[in-house]
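# Geometric and topological summary
Chain by chain, the residues run as shown.
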Amino acid sequence: MKIQNNYVMREQVDGLIPSLMKQRLTPQTHLSDKVMSLLSVGVVTFVYLLAMTLAAD
């Protein structure tokens, strides 16, 4: 299958790579990611220990 008109206009790609490379992380989002990770680990650990406790009885 042949694709016709497979060109990209220069205006479509000017400044595209630098805009993709910019980091948009702020300290607040980074902190909330850490909090969410810790909360997830805590919930999974709690459920695992609860299951182990119930299985032991």
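It should be emphasised that the depicted structure is a prediction, and the values quoted were computed from it without experimental measurement. (Residues numbered from 1 in each chain as written. Predicted model: local features only at pLDDT ≥ 70, side-chain atom pairs only at ≥ 80, totals over all residues. Heavy atoms only, no water.)

## Observations concerning the overall build of the protein chain
- Each helix and strand in the protein chain was counted, giving three helices and zero strands.
- Traced from its N-terminal end to its C-terminal end, the protein chain shows the element sequence α-α-α.
- When the accessible surface of the protein chain is summed, it comes to about 6100 Å², and 66% of that surface belongs to carbon and sulfur atoms. (Helix = DSSP H or I, 4+ residues; strand = E, 2+ residues; numbered from the N terminus. Areas by Shrake-Rupley, 256 points an atom, 1.4 Å probe, with all protein chains shown as cover.)

## Section: a nonpolar patch on the surface
- Taken together, the side chains of Met36, Leu39, Val43, Phe46, Val47, Leu50 and Leu54 present a nonpolar region at the surface, about 700 Å² in accessible area.
- According to the relative accessible area criterion, Leu39 is partly exposed, its value standing at 49%. (Patch = residues over 30% accessible without salt bridge, like charges linked within 9 Å, V, L, I, M, F, W, Y side chains within 5 Å. Salt bridge = Lys/Arg side-chain N within 4 Å of Asp/Glu carboxyl O. Buried < 20%, exposed > 50% of the residue type's maximum accessible area, 1.4 Å probe, protein only.)

## Description of the confidence of the model for the protein chain
- The predicted model of the protein chain averages 77 in pLDDT, with 46% of residues at 70 or higher.
- Within the protein chain, helix H3 (residues 27–56) carries the highest mean pLDDT (88), whereas helix H1 (residues 10–13) carries the lowest (66). (pLDDT = per-residue confidence, 0-100.)

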